[in-house]
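# Breakdown of the fold
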Amino acid sequence: MTTTKKASAALISVFHKDGLEPIVRKLDELGVALYSTGGTEKFIKDLGINVVPIEEVTDYPSILGGRVKTLHPKVFGGILNRQDNDGDVAQMTEYDIPQLDIVIVDLYPFEKTVASGALEQDIIEKIDIGGISLIRAAAKNYKDVLCVSSMEDYEDFLNVISEGNGNTSLEDRKRFATKAFNVSSHYDSAIFNYFNANGNETALKISEQNGKVLRYGENPHQQGVFFGDFEAMFSKLHGKELSYNNLLDVDAAVNLMGEFQNDDPTFAILKHNNACGLATRSTIKQAYVDALAGDPVSAFGGILISNVEIDSATAEEIHKLFCEVVIAPSYSDEALEILKGKKNRIILIQNEVALPEKLVRTCLNGVLVQDKDFKTDTADGLNPVTTLQPSAQEIEDLIFASKLCKHTKSNTIVLAKNKQLCASGTGQTSRVDALNQAIHKAKSFNFDLEGAVMASDAFFPFPDCVEIAHKAGIKSVIQPGGSIKDQLSIDYCNENGLAMVMTGTRHFKH
């Protein structure tokens, strides 16, 4: 059995007609008979090319406002017949069914209609029935039929049909079938997720078609791909291509700065998904300078992010540091020219886009899914549990530290003073270790912890942490509470003049 097929007839019925004309003209030039419906039929006729209306094949008009046009045995018989099956061949002759070797069909723009905020009825009408059925049928019968399921594949198909002079190989037909099932499965996932917006069905349907192959994954021996619309979220102004690790750090930076979006000028420096510097000040330059002071060693090769426009004065300071990525909502012209002084430095403008509300990660032989941690501790939600109450300045610092703690690897302790990160202990197996790490780090960069505050991502099972913090000069503490031994920590604070507030919310980040 030959695997090369000569195309004799094609069914064309598409929503998107951009780029279709060269295909129609090439098929006509090759002597391929054309069948079509509705608007596509008119499009072909307007080109002066002969086309057979599908109604002449089915002997049935388009009905129900166009909902039913191609759903007919003569259409699907022409697609699904097996050309090497004697029974199929006989029935094709018996029922006068035309052979359809090529199917060019795309789908109604369901996702775009949803994104536009259209009314539900308009969205429902964009659920394609005939198109999806034709695509599945043609792709299933790839041994005899070539299916073009998206305008994105028009150029590829035109090259195939031109180079083959109307012939298609089994390899090409199977390749286009793979594309078709990718289109159909993505379409169905989008529809399901629309209907399941309330989450009543416990099912996970993730389909991303914009895959960008990265240089490598976390390490050079690992392959890496990013699935998502990076261009919608960022305008890349300068620099090299982002790596797998860059993207993880950028994600961490964006999520952290989201906590300070409406605050005074705030600057953060991240390394390995954790902040090594963070400060809120009256100017973005001072915010950067004080963020850098938090850990100028770790800042080398870091990810920098601002919640306001970066001006030339700030850019001049940044330019002194080797950093991988700079992110901001905008840049002054002068600042941009300064930052472009390092050819590999990646400069991004962050655009306003909706971010996923779920976190997904592989686990064992499956997948874990959870809601994002959208809870941000606020001054109104604090529960003072000690005799001594925190001052107004300490409350501001406690909230500042809590926001940062939420986005730092557990177990974590954050030490802050005057809306500046002094140090943090990150990813430790013991909360005491995290605190000792933070204190050691703060002292190594000459921070005076007298009057500083401490934030913990989870409760203290023993009073050891508040005791160590007190001896280091800490004056106020924020923690979730909830330990059966909370009172031990409260008693220590009362006996030693510390203020403590509890939030009732744990912020683990594993």
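My aim in this report is to walk through the structure given alongside it, one point at a time. Here the structure is a predicted model, which means the values were calculated and not measured.

### Here's the deal with the sheet that holds strand 3 (residues 33–36)
The strands making up a sheet are joined through hydrogen bonds of the backbone, oriented either antiparallel or parallel. Ordered in space as 4-3-2-5-6, the five strands form an open sheet in which the pairing is parallel. In this open sheet, the two strands that pair with only one neighbour each are strand 4 (52–53) and strand 6 (146–148). Relative to strand 6, strand 5 (residues 102–105) runs parallel, the two sharing three bridges. Paired with Val-103 across the strands is Cys-147, a residue of strand 6.

### A short note on the packing of helix 18 (residues 464–472) against helix 19 (residues 486–496)
Orientation of helix 18 relative to helix 19, taken along the N-to-C sense of each, is 25°, at an axis distance of 8 Å. It follows that helix 18 is roughly parallel to helix 19 by the angle criterion. Two packed elements cross with a definite hand, and for helix 18 against helix 19 that hand is right-handed. Judged by residue contacts, Val-466, Glu-467 and His-470 of helix 18 engage Ser-489, Tyr-492, Cys-493 and Asn-496 from helix 19. Grouping the constituent residues of the contact of helix 18 with helix 19 by class yields three nonpolar, three polar and one charged.

### Looking at the pattern of salt bridges
Side-chain pairs of opposite charge can arise whenever the charged atoms involved come near each other. Within this structure, the stated rule accounts for 21 salt bridges. Salt bridges here are not isolated pairs; linked through shared partners, they connect Asp-156, Asp-172 and Arg-175.

### Section: helix 13 (residues 284–293)
A turn of α-helix holds 3.6 residues, and therefore any two residues three or four places apart point the same way. When helix 13 is considered as a whole, its buried residues turn out to be Ile-284, Ala-287, Tyr-288, Asp-290 and Ala-291. At its buried positions, helix 13 is contacted by strand 11 (266–271), strand 12 (274–280), strand 13 (302–306) and helix 14 (312–318).

### Digging into the pairing of strand 16 (residues 358–363)
In terms of strand pairing, strand 16 meets strand 17 (residues 366–371) through six bridges, oriented antiparallel. Bridged to Lys-358 within strand 17 is Asp-371. What sits between the antiparallel neighbours strand 16 and strand 17 is a turn of two residues, in which Leu-364 has the positive phi angle 50°.

### What about the pairing of strand 14 (residues 323–328)?
Of all six residues in strand 14, six are buried, a share of seventy percent or more. You can see the chain leave strand 13, run along helix 14 and come back into strand 14, and the turn it takes is right-handed. Relative to strand 15 (residues 346–350), strand 14 runs parallel, the two sharing four bridges. Looking at strand 15, one finds that Ala-328 is bridged to Ile-349.

### Some remarks on the nonpolar core
Ranked by size, the top nonpolar core spans 37 residues in total, and within it Phe-234, Val-250, Leu-270, Ile-305, Ile-327 and Leu-348 carry the most contacts. Looking at this core, the element that brings in the most residues is helix 12 (residues 244–257), giving seven residues. Apart from residues lying up to four places away in sequence, Ile-305 is in contact with Ala-253, Val-254, Met-257, Thr-266, Phe-267, Ala-268, Leu-270, Ile-327 and Gln-350.

### Thoughts on the packing of aromatic side chains
A complete count under the given rule lists 10 aromatic pairs for this structure. Summarising the aromatic geometry, the rings of Phe-230 and Phe-234 are spaced 5.0 Å apart at their centres and angled 35° between planes, so their arrangement reads as tilted. Each of the two residues, Phe-230 as well as Phe-234, counts as buried. Aromatic pair Phe-300 and Phe-322: ring centres 4.9 Å apart, planes at 45°, arrangement tilted. Within this pair, whereas Phe-300 is found in the loop between helix 13 and strand 13, its partner Phe-322 is found in the loop between helix 14 and strand 14, the two being separated by 22 residues in sequence. An aromatic cluster is present here, built from Phe-110, Tyr-187, Tyr-194 and Phe-195 joined pairwise through their rings. Across from the ring centre of Phe-192, 5.7 Å away, lies the NZ or CZ of Lys-205, which sits over that ring. It is Lys-403 that lies over the ring of Phe-260; its NZ or CZ is 5.0 Å from the centre.

What counts as what
- Residues numbered from 1 in each chain as written.
- Predicted model: local features only at pLDDT ≥ 70, side-chain atom pairs only at ≥ 80, totals over all residues.
- Heavy atoms only, no water.
- Pairing = 2+ DSSP bridges.
- Helix = DSSP H or I, 4+ residues; strand = E, 2+ residues; numbered from the N terminus.
- Axes fitted to C-alpha atoms, helices over the stretch in contact; angles between N-to-C directions.
- Parallel < 35°, antiparallel > 145°, perpendicular 65-115°, else oblique.
- Left-handed = near helix turned anticlockwise from the far one by under 90°.
- Contact = heavy atoms within 4.5 Å.
- Nonpolar A, V, L, I, M, F, W, Y, C, P; charged D, E, K, R; others polar.
- Salt bridge = Lys/Arg side-chain N within 4 Å of Asp/Glu carboxyl O.
- Buried < 20%, exposed > 50% of the residue type's maximum accessible area, 1.4 Å probe, protein only.
- Right-handed = clockwise from strand over helix to strand, strands pointing away.
- Core = buried A, V, L, I, M, F, W, Y, C linked by side-chain atoms within 4.5 Å.
- Phe/Tyr/Trp six-rings, centres within 6.5 Å; stacked < 30°, edge-to-face > 60°.
- Lys NZ or Arg CZ within 6 Å of the ring centre and 35° of its normal.

Worth remembering: the numbers are spatial, not functional.
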